[in-house]
Amino acid sequence: VTRSELRGDRSNEDPSVSSDRLTIVWTSQRSGGLGSFDIWMATRTAPMAAFENVRNLVEINSAQHEGSPELSADGLTLSFASEVNGASEIYRSVRPTLSSTWGAPLRVDDLSSAMQDYEVAIAPDELTAMINREGDFVELTRANVTASFGGETVHPELYVADGDASPTIDNGARTIYFHSGTIRDLYVARRTPGGTFSAPVPVVELDTPNNREADPFMSADDRYLVFNCEVDICEVERE
């Protein structure tokens, strides 16, 4: 399904959806933003229904680039990358209820580094993270949701080509989707018994030749995917 109601007047990228599929966040350069790419949000009353109530998250955006929004399963925590202080770093904002505005963003020190941390993926249980750190996928874990992330593991076996980006993972990072290539196509890889990943393979059923398919976000059960399709956001379910 192409979510044309989210289109606006510019391209839309990096969607992320709550576990009930009623809230979506994404990035866009559409009119009404604060500058560069901003994070936007919309809600709906039922899964797969049209989204409504589109709004710019002015409480977390800046005049700089904000991207890679990652919405927690309960819709109360938002992790994202921001260049508000120059380098691309990972930030987090929380809200007490689904009807509340987002709190002031705070830099996530355990997910940020001295390098450029362009994108972040957080597993639904919030115990595993995958960072796009200057083109490398770096995995971090923690024992519980109040602990800090650590134990960085780089996964060179996921390299496809220049432009590997926008990871999304399930619990334990057993499965990872991302995009690669100049035009952008979707790839998937799965964890092997040895702890590394299998060779990434294209998601051929979602590929339209010469069209952009990028920025995937998967559900915890790997049965639902939302992604950037050309200038739009599309969502699909397995049969």
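J.: Sorry, what's going on with the overall build of the chain here?
T.: Secondary structure summary: the chain contains zero helices and 19 strands in total. Whereas a compact globule of 239 residues would reach a radius of gyration of roughly 18 Å, the chain reaches 16 Å, a difference of no more than 12%. Sequence-distant contacts, at least 24 apart, represent 41% of the contacts inside the chain between residues at least 6 apart. Carbon together with sulfur atoms contributes 51% to the accessible area of the chain, which is approximately 10,300 Å² in total. Charge separation in the chain, taken as the distance between the mean sites of 19 positive and 39 negative side-chain charges, equals 4 Å.

J.: Honestly, the pattern of salt bridges in this entry has me stumped. Any pointers?
T.: Opposite charge on two side chains lets them pair, provided their charged atoms get close. Counted by the stated rule, this structure contains 17 salt bridges. Between Arg133 and Asp117 there is a salt bridge; the shortest N-O distance is 2.5 Å. Linking Arg133 in strand 10 (residues 128-133) with Asp117 in strand 9 (residues 117-122), this pair joins segments that are 16 residues apart in sequence. Note on Arg133: relative accessible area 5%, which makes it buried. Overlapping salt bridges bring together Arg3, Glu5, Arg44 and Glu235 as one network.

J.: What is the right way to look at the state of the cysteines in this model?
T.: Formally, a disulfide is one covalent bond, and it connects the sulfur atom of one cysteine to the sulfur atom of another. Inspection of every chain in the model, using the stated rule, returns one disulfide. Here Cys229 connects covalently by a disulfide to Cys234, the sulfurs 2.0 Å from one another. Its S-S torsion of about 85° marks the bond between Cys229 and Cys234 as right-handed, since a negative value means left-handed. Judged on exposure class, the residue Cys229 and its partner Cys234 are both buried.

J.: Looking at this structure, I do not really get the sheet that holds strand 13 (residues 165-169). What am I missing?
T.: Across a sheet, paired strands are connected by hydrogen bonds in the backbone, their directions being either parallel or antiparallel. The strand order across the open sheet built from four strands is 13-14-15-16, with neighbouring strands paired in antiparallel fashion. Of all the strands in the sheet, the pair left with one neighbour each is strand 13 and strand 16 (201-202). With three bridges connecting them, strand 13 and strand 14 (residues 175-180) associate as antiparallel partners. Within the sheet, the bridge partner assigned to Ala165 lies in strand 14 and is His179.

J.: So what exactly am I meant to see when it comes to the nonpolar core here?
T.: Across soluble globular proteins, you tend to see nonpolar side chains buried next to one another. Judged by nonpolar contacts, Ala121, Ala123, Met130, Phe137, Leu158, Ile169, Ala173, Ile176, Phe178, Tyr187, Ala189 and Phe197 together constitute the single largest core of twelve residues. Put simply, the parts of the chain that give this core at least two residues each are strand 14 and strand 15 (185-190). Look past the residues within four positions of Phe197 in its chain and what remains in contact with it is Met130, His155, Glu157, Leu158, Ala173, Arg174, Ile176, Ala189, Arg190, Arg191 and Thr192.

Rules used in this analysis
- Residues numbered from 1 in each chain as written.
- Predicted model: local features only at pLDDT ≥ 70, side-chain atom pairs only at ≥ 80, totals over all residues.
- Heavy atoms only, no water.
- Helix = DSSP H or I, 4+ residues; strand = E, 2+ residues; numbered from the N terminus.
- Rg over C-alpha atoms; globule rule 2.2 N^0.38 Å.
- Contact = heavy atoms within 4.5 Å.
- Areas by Shrake-Rupley, 256 points an atom, 1.4 Å probe, with all protein chains shown as cover.
- Lys, Arg positive; Asp, Glu negative; His and termini not counted.
- Charge placed at Lys NZ, Arg CZ, Asp CG, Glu CD.
- Salt bridge = Lys/Arg side-chain N within 4 Å of Asp/Glu carboxyl O.
- Buried < 20%, exposed > 50% of the residue type's maximum accessible area, 1.4 Å probe, protein only.
- Disulfide = S-S within 2.5 Å.
- Pairing = 2+ DSSP bridges.
- Core = buried A, V, L, I, M, F, W, Y, C linked by side-chain atoms within 4.5 Å.

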